Amino acid sequence: MNHGKQYRITTGMGLLLILCGYLTNRFLIVKPNRILEGTVINMPAVIKDKPILFTAFFLLLAGMIFIISKEKIKWYFTSAVVTFVIILFLYGVGLYSQEVITDFTQVARVSLSIGFWFVFLGLMIVLDSSCHYDGNFQVNRLIGFLGIILFFIFVMLNQGYFDQIGIIKEMHIRNEQYWIAVKGHLLLSLIASLMGLFIGVLLSYIGYKHKKYKKYFILVSNGAQVIPTLSFLGLLMIPLTLLAKKYAFLKVLGISGIGYFPALIVLTSYTLLPIINQSITGFETISRDVIISAEAMGMKPMEVFWRIEFPLALPGILSGFKIALVQSTANCILAGLVGGGGLGALLFLGLAQSASDLVALSALTVVMMAMILNGILSVVIGSMKKRKGFI
Amino acid sequence: MIHFKNVSKAYGDHQVLKDIDVSINKGEITVILGPSGCGKSTLLKLINKTILPDEGDIYLNKQNIRDIQDTTLKRSIGYAIQGVGLFPHMSVKENISTVPKLLKWDKRTIDNRVQALMEMMELPETFSKKYPIHLSGGEAQRVGVARALAGNPEILLMDEPFGALDPITRGKLQRKLLNIQKKLHKTIVFVTHDVSEALLLADELILMKDQSILKKDHPYKIVTEAKALLKTFTGGSFAFELLEKFRISDIVDQLTGLQDFDGYCLHEDISLKEVVSEMILQGKSQLTVRNNHQYYRLDFYSLMDLAKRKHYE
Amino acid sequence: MSKRYLIREFILVLSLVVLLGFEKQIDRLMYDIMGFQRNPVQWTSLTDLMLNHMKLVLLSTLCALLITVSVVLLVHLMKLNALEELFGNLAGLGTTFPSVAVMALLVPIIGYGFVPVFLALSLYSFLPMYISMVSGLKAIDQSIIESAKGTGMSSFQLLYKIELPLAKRMIVSGIKTAVIINISSATIGSIVGSNTLGLPIVIGIRTTDMVMILKGALPVALLAFLAESILSRFEGVASWQKH
């Protein structure tokens, strides 16, 4: 199986996607304000206006010549070229948006449409493929180049090149609101995941020590996954509202039918299944001989747990926590429906006001957060496994 | 030192031990030999309270172990098992230090102890930072034994510790155990189903079958007097293991040296088992050996006797 | 064993029928007799909402299944591991993307109603189905495949006669996950205008009408458990597998 050949196919798919982005009408949309439909611009028009983009894509095609080659250095070069192209592409779009918006009333903006995203995704696929050419996946290379791209995005962001892009504009307009939403969202997901971690590990340990309870715990956590999120939320609101009416002090703590509390309960319940599943597996893969030795040495049950069972199950537990955190970040959007704040509130606001840029901003922020958290935790788990000397 | 009095144990309707009454002497290697399922492992586990008896009492130095606190008891008894059970997330050094740390020794004492044990078990210094996953079976078991001895326990319990190793490594470790016992004089209770291993290691041999003890005696006595019984455990070629316990240098003090000699003789200080092997190869019932600038004549028919006398010294 | 399932399912179905069939009576009980505040909003009957919901879930699951099967056939038969990895990565990435967002983003392009939700659901449920199907096929013991190839089977026959039946459990598991996700997402879809059981929940939340919330939340929860129960049975172990 020729690995090189296959990655040429994926590169081809990436290029195909870019072509789709080129051919479609909806590349960018120039809108006089956040609500009106605006003028749809296609990619050729933008390229005509900004020769830098033309250069970028010429470079891209030139870089593709190296696909034919088999030498390692040349493919490394392709990755570098694609990175450069991506940066130029973003820069070009930014510049274009700056020039097109002649009205500085702060409401007009350029929205990124499907065409843009196709091209962007296509470029990412090509970059990813170019880091595979050697047959094995050069993770470090990919991360390195992605880092470079992120760095330049950050710089361009700071310099204001993207200021006229709809998403960024919304962020600037609602700056304080946005960051409060981000913090609230992160906090809620984190707290829910941590609560789930505590409860989940506890239940997992009990289920591991006493097998007869195990299936009940798994059944309950599975049930929490089956019930539709909105239904769960709604069903919780009823008793909580009634409770809050009866016991006024609960309102002080923020516990009522609306606000963060019902969302917190729902989110925590959803984290139970991944955490319990992974934690139980983590405990069960510990060799019996290890436990026998530990007990025979005169370790008390608590000592066996803290010194032996918990550290050995930790990678598994953290994997479950990682999944839980990523899922919570995505699910937390629904908190916005019941007044729990977070990016969901912004998303629904955007939906209600037909401001697609606000919706896109919220959605993208959630995805970014999820990916970053996923990345951080994966690295932590990986290094933990390596350091502790077991696979 | 360890006394079992009318001890019985059952799991549900399955009787594992029936009215066991036996004593284990101090400072010796006592081997419990028996086929799978005869209850020998259970007997071992009763000593450090891993399992509790249904009936009967177990005494340690005249004290009923029921009255000794579990953790105190376990920390004063070393335990080595077949699967070793090294803690995967701890280095070799940390593994060995486990019991000393539980006993709250100070750091310097622990470090010295670990070093001494690693030297004794012939583990190179570079191993102290290694993790169990990088060790071979033999190396892991060496660490396991070191770990069991770390707290300087009086008693060492071993449950078929060398069973999972290849024959060569097994042999090395068996000889290692005999070696360190010469220096340490621990009370070792060793469980196995391998007759050769039992005969090689035992100062005292306990034969178990069908949940009860059949015989307890010196291995040489059992071999000569209870041969039929022993044969029910295995085939018959067990004399070699007894001969393997001693080398030429061990028995020469019982022999008179020759004045001088010309001709073929064995120079190396090999075990008596190898001497017999050499005799068979050469087709001779007598061989001349050289030890410490002296020549001695070894006779095939008297070898067993010499070994037995050495054993009883 | 199977009797337990049947009893459970029977109770669920019965409860559903009661809730839907006697909607008007329940309305009267809750609002008029027990004194809950009635909400003067004209809307579709529960039964219609339920049917809409089921229609949406079924169609989108089928659509996703079609896409999944095509992609898997393409990737598996043509042995394009690179593509498999690519789709796998994209699928993994996709699960971090909240389904609400997909629906909301489609609105400016397609508008409100059935279509954006249908598209979002199809795309979104494709991900777990794809991951399950691929894992299921990968988990088959290589020696079985090799001996089958040795008898001279073509790739297609191999897939049809050997691989798919062996991977059946994981595939059905993927379908089950997809259905459950779709039921949940279809509920959320009411926010972008699809007439499903999420509608009373959303209205109820906005107007703090408890009865309205229950009207939507209970049937959809029952539906979800019912679907899970039925599909779990199909996931069951075949007689020649021992787990």
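Keep in mind that this is a model prediction, so the values were computed, not measured.

Looking at the overall build of chain C
The secondary structure content of chain C amounts to 10 helices and zero strands. Each helix and strand of chain C, ordered N terminal to C terminal, gives the series α-α-α-α-α-α-α-α-α-α. The long-range fraction of contacts in chain C, counting pairs at least 24 apart against all pairs at least 6 apart in sequence, stands at 74%. Carbon and sulfur atoms form 68% of the exposed surface of chain C, whose accessible area is close to 12,300 Å².

With respect to the interface of chain A and chain C
With 41 residues of chain A at the interface, the matching set in chain C holds 40 residues. Together, A:Val226, A:Leu230 and A:Leu351 form the three largest contributors to the area buried by chain A at its contact with chain C, with a combined 17%. The interface formed by chain A and chain C contains zero salt bridges. Linking chain A to chain C there are three residue pairs in polar contact (both at pLDDT 80 or more). For the side of chain A that touches chain C, the secondary structure elements donating two or more residues are α1 (3-23), α5 (114-130), α9 (211-226), α10 (229-246), α14 (301-331), α15 (342-352) and α16 (356-387) of chain A. Residues that form the side of chain A that touches chain C fall into these classes: 29 nonpolar, 11 polar and one charged.

A look at the interface of chain B and chain A
The partner chain A presents 21 residues to the 21 residues of chain B that form the contact. In total, chain B and chain A occlude about 1,800 Å² of area from one another, counting both sides; carbon and sulfur atoms represent 69% of this. The largest share of the area that chain B buries against chain A comes from B:Phe87, B:His89 and B:Leu102, three residues that together contribute 30% of it. Connecting chain B to chain A are one salt bridge. Among the ionic pairs, A:Glu303 bridges to B:Arg75, the shortest N-O distance being 3.4 Å. Contributions of two or more residues to the side of chain B that touches chain A are made by α2 (70-75), β6 (77-81) and α4 (98-102) of chain B.

Side note on the pairing of strand β3 (residues 29-33) of chain B
Residues and elements named next belong to chain B. Summarising burial for β3: five of the five residues are buried, a large majority. The alternating pattern of β3 places Ile29, Val31 and Leu33 and Thr30 and Ile32 on opposite faces, both of which are buried. Sheet topology note: the β3/strand β8 (residues 187-192) ladder contains five bridges and is parallel. When the sheet's bridge partners are listed, Val31 is paired in β8 with Phe190. In the sheet, β3 pairs with strand β9 (residues 204-209) via four bridges, with the strands oriented parallel.

Here we look at the domain arrangement of chain A
Residue and element names in this part refer to chain A. On domain assignment, one finds that chain A holds domain 1 (3-166) and domain 2 (175-388). On a C-alpha basis, the centroid separation for the pair domain 1 and domain 2 is 35 Å. Linking domain 1 with domain 2 are zero salt bridges, by the criterion used here. If you look at where domain 1 meets domain 2, you find one residue pair in polar contact (both at pLDDT 80 or more). Looking at the side of domain 1 that touches domain 2 residue by residue, the class counts come to two nonpolar, two polar and three charged.

A few points about the layout of surface pockets
All names here are of chain B. Counted as a void, the second largest pocket has a volume near 900 Å³. As for the second largest pocket, its lining consists of 25 residues, and the residues nearest its centre are Leu178, Lys182, Asp203, Lys245 and Phe246. Those elements giving two or more residues to the lining of the second largest pocket turn out to be α7 (167-184), α8 (195-201), α13 (272-282) and α14 (303-311).

Observations concerning helix α13 (residues 288-296) of chain A
Residues A:Val290, A:Ile291, A:Ser293, A:Ala294 and A:Ala296 constitute the buried set of α13(A). Buried residues along α13(A) sit against α8 (175-209) and α14 of chain A together with α2, β6 and α6 (137-149) of chain B.

Considerations on the side chain of B:Ser128
Residue and element names in this part refer to chain B. Tracing the backbone shows Ser128 in the loop between α5 (107-120) and α6. What makes Ser128 buried here is its relative accessible area of 17%. Not counting chain neighbours up to four residues away, the residues in contact with Ser128 comprise Ser91, Val92, Lys93 and Met118.

Remarks on the sheet that holds β3(B)
All names here are of chain B. Spatial strand order, β6-β7-β8-β3-β9-β10: six strands in an open sheet with mixed pairing. Strand pairing shows two members of the sheet lacking a second neighbour, β6 and β10 (212-217), which therefore form its edges. Across the sheet, the mean angle from the axis of one strand to that of its neighbour is 15°, orientation sign disregarded. Here five bridges tie strand β7 (residues 155-159) to β8, and the two strands are oriented parallel to one another. When the sheet's bridge partners are listed, Asp159 is paired in β8 with Val191.

Quick word on the confidence of the model for chain C
When the pLDDT values of chain C are averaged, the result is 79; 88% of them are 70 or greater. Here residues 238-243 of chain C is a poorly scored stretch, pLDDT under 50, and it has four contacts once near neighbours within four places are set aside; other chains count.

Description of the packing of α5(A) against helix α6 (residues 139-159) of chain A
Residue and element names in this part refer to chain A. Where α5 contacts α6, the two axes come as close as 9 Å, and the packing angle between them is 145°. Seen along the crossing, α5 lies across α6 with a hand that is right-handed. On the side of α5, the interface is formed by Met124, Leu127, Asp128 and Ser130, while α6 contributes Arg141, Leu142, Phe145, Leu146 and Ile149.

Reading guide: rules and limits
- Residue positions are counted from 1 within each chain, in the order its sequence is given.
- Each chain gets a letter, beginning with A, and each ligand a number, beginning with 1, in the order they are written.
- The model is predicted, so local features are restricted to residues of pLDDT at least 70 and side-chain atom pairs to those at 80 or more, both for listing and for counting; the totals for chains, interfaces and linings are taken over all residues.
- Calculation of side-chain values draws on the structure's entire complement of heavy atoms; hydrogens and water are dropped beforehand.
- The helix count covers DSSP runs of H or I at least four residues long, the strand count covers runs of E at least two residues long, and both are numbered beginning at the N terminus.
- Note on contacts: a residue pair is in contact if any heavy atoms of the two residues lie within 4.5 Å.
- Using a 1.4 Å probe, accessible areas were evaluated by the Shrake-Rupley method; residue-level cover was limited to the displayed protein chains.
- Take the accessible area each of two parts loses on contact, using a 1.4 Å probe, and add the two losses: that sum is the buried area.
- The term salt bridge refers to a side-chain nitrogen of Lys or Arg lying within 4 Å of a carboxyl oxygen of Asp or Glu.
- Counted as a polar contact is a pair of N or O atoms within 3.5 Å, where, for protein atoms, one must be capable of donating a hydrogen and the other of accepting one, and residues adjacent in sequence contribute only when both atoms are in side chains.
- Residues were grouped as follows: Ala, Val, Leu, Ile, Met, Phe, Trp, Tyr, Cys and Pro as nonpolar; Asp, Glu, Lys and Arg as charged; and all remaining residues, including Gly, as polar.
- Here's how the labels work: a residue is buried when its accessible area is under 20% of the maximum for its type, exposed when over 50%, partly exposed in between, all with a 1.4 Å probe on protein chains only.
- By the convention used here, strands pair only if DSSP detects at least 2 bridges between them.
- Start and end points for every domain follow an automatic or database-based domain assignment.
- Throughout, the protein atoms alone are placed on a 1 Å grid, and a set of points is a cavity if a 1.4 Å probe fits but cannot get out or a pocket if it is open with protein on both sides within 12 Å along at least five of seven lines; lining residues have an atom within 4 Å of a point.
- Grid points are joined across faces, edges and corners, and a volume is the space filled by probe spheres set on the points.
- Only the stretch in contact is used when fitting a helix axis, every axis being a line fitted to C-alpha atoms; angles between N-to-C directions are given from 0 to 180 degrees.
- Confidence of the prediction at every residue is given by pLDDT, a number between 0 and 100.
- If you view the pair so one helix is near and one far, a crossing is left-handed when the near helix is turned anticlockwise from the far one by less than a right angle, and right-handed when it is turned clockwise.

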